[in-house]
Amino acid sequence: MRQDHLISAANLSRESIEAVLDRAAAIDADPAAYRQRHAGAVLALCFFEPSTRTKMSFDTAMKRLGGTTVDMGTVESSSVKKGETLADTVRVVEGYADAIVLRHPSEGAAKMASEFVDVPLVNAGDGAGQHPSQTLLDLYTIRERAGLDDLSVGIMGDLKYGRTVHSLAHALTNFDVRQHFISPESLRLPRNVRFDLHEAGAHVREHTDLEAVLPELDVLYVTRIQRERFPDENEYRAVAGQYRIDEETLEAARDDLSVMHPLPRVDEIAPEVDETEYATYFEQAHNGIPVRMALLDGLLARAKEGSR
Amino acid sequence: MSDHELRVSKIRNGTVIDHVTAGQALNVLAILGIDGSEGEGVSIGMNVPSDRLGRKDVVKVEDRELSQSEVEVLSLIAPEASINIIRDYDVVEKSRVDRPETVTGLLSCPNRNCITNDDEPIASKFTVVADGVRCAYCGEIVRDDIAAHLDVQT
Ligand SMILES: [Zn+2]
């Protein structure tokens, strides 16, 4: 039987999202009740691209469910360097583990890998593609703060290459959310994401300027603009400065605005914002544990049922 | 023999692919993997006047009957094409191409960072969307000039 995987937020329904968020809330309320839930289960961490936090977050989540993890290690130290295909790697790893978490630099990697394995596979980021587990914790945070309906959400920064942005945009189409995308012209949402939003009938606006839309936002989701996207340093500085949030910028915001960020940030949110009521990003990062516990719990439980 | 006669000369047995989008005849052959190496007679008419299309290409392949699944993929580059199966100079079957739901192993993904362009043991796969095709792996959409992404030699 083919297992269910978490590959793209585009495949998530409102029901499936709410099931994970509700379970995360239950875990948050009583973590001790879940401590032995998956004792003996093994999660494989296959990170073909470094990501300390996401990896630690999955590692912690699995251990708090009573399970253990096996780690492929860095690409430099693994057989990948010797030219093994991703398809072979996951087929081997499948023999070690009850579920696989995959981070890979190529778009579509998780989708492909999932076709070769019968254990659940979670996409923890595929190139500039998708990062759906991040989206679940983003949604959990938004729901805790503001609920998930009748909202205006601004998403700002590098929308072109930002996989967390692509996943979040897809997932938000399940809810009554007005999505505002704020970015320099050169870093607009890619065509395929705009296509999906259009198909889903989402309420979408694109802006180059935060000012115009900031006063109506319930949530402002900030992402990093990467220096390497720009051919010259000056051009980068000119753009990055325009999309930086500080206390002064936020004067125009609603009092209950939540400023979110998938972290790590560089200088797109000034440290002075940390002490304000707006700052939601550390809470958001902490939510990664209960949400990933809920996600893994669901996948492992269904896999067990399926194999019986 | 005049040009006109060459274009319309009848074949005895085989397939005539008519109403091909002008300029796409060579891509049609590439899609079908026909290069004449198996000894089959192939004739092509390009930019032939057409009532329906203004200009069209026509491809005739002798001694080979194309299956519906072989030709459905032609719809991507020649949506108006019609397929005529010829036996003993007569058209015994006439059909239009159908748009397939997916196209596997035929196009390469224009997204250079797509996993299908890595050295993995998978064929490319595209789903057919309203006005183009979409990579089933990375989600990239190809609308214009699909033929430029053909994963076969023309
Ligand atoms: Zn692709």
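On a predicted model such as this, the values are computed, not experimentally measured, just so you know.

Draft legend 1. Expanded view of the overall build of chain B. On a plain count of helices and strands, chain B comes out with 3 helices and 9 strands. Starting at the N terminus and ending at the C terminus, chain B contains elements arranged as α-β-α-β-β-α-β-β-β-β-β-β. Each of the 154 residues in chain B was classed as buried or not, and the buried ones make up 45%. Element-wise, carbon and sulfur atoms account for 43% of the exposed surface of chain B, whose accessible area totals about 8,100 Å². For chain B, the separation between the mean place of its 16 positive charges and that of its 27 negative charges on side chains is 6 Å.

Draft legend 2. Layout of the layout of surface pockets. All names here are of chain A. Within this model, the second largest pocket holds a volume of roughly 980 Å³. Around the second largest pocket, the lining comprises 38 residues; the ones closest to its centre are Arg103, Arg163, Pro262, Leu263 and Pro264. The dominant element in the lining of the second largest pocket, judged by the number of residues it contributes, is helix 2 (residues 52-64), at 6 residues. Of the residues that constitute the lining of the second largest pocket, the class distribution is 12 nonpolar, 16 polar and 10 charged.

Draft legend 3. Structural detail: the coordination of the zinc ion. Residue and element names in this part refer to chain B. The protein atoms that coordinate the zinc ion are Cys109 (SG), Cys114 (SG), Cys135 (SG) and Cys138 (SG), at distances of 2.3 Å. Geometry at the zinc ion is tetrahedral, judged from the 4 donor atoms that bind it and their angles of 100 to 115° at the metal. All donors to the zinc ion come from one chain, and their sequence spacing reads C-x4-C-x20-C-x2-C. Cys138 carries the same exposure label as Cys135, and that label is buried.

Draft legend 4. Representation of a nonpolar patch on the surface in the model. Residues and elements named next belong to chain B. Taken together, the side chains of Leu26, Val42, Ile44 and Met46 make up a nonpolar region of the molecular surface, amounting to roughly 300 Å² of accessible area. In terms of residue count, the dominant contributor to the nonpolar patch is strand 2 (residues 42-50) (3 residues). Mapping Ile44 onto the fold places it in strand 2.

Draft legend 5. Inspection of the sheet that holds strand 6 (residues 177-182) of chain A at higher detail. Residue and element names in this part refer to chain A. Judged by pairing direction, the sheet is parallel, and its 5 strands sit side by side in the order 7-6-5-8-9 without closing on themselves. Looking along the sheet, the strands with just one partner apiece sit at the ends: strand 7 (203-207) and strand 9 (258-260). Strand-to-strand twist across the sheet, computed as the mean angle between neighbouring axes with direction ignored, equals 20°. Contacting strand 5 (151-156), strand 6 and strand 8 (219-222), helix 6 (residues 163-172) crosses the sheet at an angle of about 155° to strand 6.

Draft legend 6. Structural context of the sheet that holds strand 6 (residues 102-104) of chain B. Residues and elements named next belong to chain B. Strand order in the open sheet formed by 4 strands is 6-7-8-9, with antiparallel pairing between adjacent strands. In this open sheet, the two strands that pair with only one neighbour each are strand 6 and strand 9 (141-142). Pairing of strand 7 (residues 125-129) with strand 8 (residues 132-135), which is carried by 4 bridges, proceeds in the antiparallel orientation. From the neighbouring strand, Thr127 faces strand 8, where its bridge partner is Arg134.

Draft legend 7. Highlighting the interface of chain B and chain A. Taken together, the contact between chain B and chain A spans 19 residues of the former and 19 residues of the latter. With both sides pooled, the region where chain B packs onto chain A buries about 1,500 Å², and carbon together with sulfur makes up 51% of that total. The largest per-residue losses of area from chain B upon contact with chain A belong to B:Asn113, B:Ile115 and B:Tyr137, which jointly make up 31% of the total buried on that side. Connecting chain B to chain A are 1 salt bridge. For the salt bridge of B:Arg134 with A:Asp196, the shortest nitrogen-to-oxygen distance reads 2.7 Å. Our count for the chain B to chain A interface comes out at 12 residue pairs in polar contact (both at pLDDT 80 or more). Along the lines of polarity and charge, the residues of the side of chain B that touches chain A split into 10 nonpolar, 3 polar and 6 charged.

Draft legend 8. Structural view of helix 7 (residues 191-199) of chain A. The complete set of buried residues in helix 7 of chain A reads A:Asn192, A:Val193, A:Phe195, A:Asp196 and A:Leu197. Taken together, the buried residues of helix 7 of chain A touch helix 6, strand 6 and strand 7 of chain A together with strand 7, strand 8 and strand 9 of chain B. Just downstream of helix 7 of chain A, A:Gly201 is the residue with a positive phi angle, here 70°.

Draft legend 9. A look at the confidence of the model for chain B. All names here are of chain B. Residues of chain B with pLDDT of at least 70 account for 90%, and the chain-wide mean is 85. The low-confidence segment residues 1-7 (pLDDT under 50) makes 3 contacts with residues lying over four places distant or belonging to another chain. Listed scores for the predicted complex are pTM 0.88 and ipTM 0.92.

Draft legend 10. Structural context of the nonpolar core. In terms of nonpolar packing, the biggest core is built from 60 residues, with A:Leu86, A:Ile100, B:Ile17 and B:Leu74 touching the most fellow members. For this core, the element with the highest residue contribution is helix 2 (residues 25-32) of chain B, accounting for 5 residues. The residues contacting A:Leu86, other than those within four sequence positions of it, are A:Phe48, A:Leu102, A:His104, A:Ala109, A:Met112, A:Ala113, B:Ile115 and B:Glu120.

Draft legend 11. Inspection of the environment of A:Glu107 at higher detail. Position of A:Glu107 among the secondary structure elements: in the loop between strand 3 (99-104) and helix 4 (109-114). In sequence terms A:Glu107 and A:Met56 are 51 residues apart; their C-alpha atoms lie 22 Å from each other. Contacts of A:Glu107, omitting those with residues within four sequence positions, involve A:Asp126, A:Gly127, A:Ala128, A:Gly129, B:Asn111, B:Asn113, B:Cys114, B:Ile115 and B:Cys138. Looking at A:Glu107, its side chain comes within polar contact range of the side chain of B:Asn111, at 2.8 Å.

Quick notes on the rules
Residues numbered from 1 in each chain as written. Chains lettered and ligands numbered in written order. Predicted model: local features only at pLDDT ≥ 70, side-chain atom pairs only at ≥ 80, totals over all residues. Heavy atoms only, no water. Helix = DSSP H or I, 4+ residues; strand = E, 2+ residues; numbered from the N terminus. Buried < 20%, exposed > 50% of the residue type's maximum accessible area, 1.4 Å probe, protein only. Areas by Shrake-Rupley, 256 points an atom, 1.4 Å probe, with all protein chains shown as cover. Lys, Arg positive; Asp, Glu negative; His and termini not counted. Charge placed at Lys NZ, Arg CZ, Asp CG, Glu CD. 1 Å grid on protein atoms, 1.4 Å probe; cavity = no way out; pocket = protein on both sides within 12 Å on 5 of 7 lines; lining within 4 Å. Points joined across faces, edges and corners; volume = space filled by probe spheres on them. Nonpolar A, V, L, I, M, F, W, Y, C, P; charged D, E, K, R; others polar. Donors = N, O, S within 2.8 Å, 3.2 Å for Na, K, Ca; no water. Tetrahedral: all angles 85-135°; square planar, octahedral: opposite > 155°, others 65-115°. Patch = residues over 30% accessible without salt bridge, like charges linked within 9 Å, V, L, I, M, F, W, Y side chains within 5 Å. Salt bridge = Lys/Arg side-chain N within 4 Å of Asp/Glu carboxyl O. Pairing = 2+ DSSP bridges. Axes fitted to C-alpha atoms, helices over the stretch in contact; angles between N-to-C directions. Contact = heavy atoms within 4.5 Å. Buried area = accessible area lost by both parts, 1.4 Å probe. Polar contact = N/O pair within 3.5 Å; in protein donor to acceptor, adjacent residues only side chain to side chain. pLDDT = per-residue confidence, 0-100. Core = buried A, V, L, I, M, F, W, Y, C linked by side-chain atoms within 4.5 Å.

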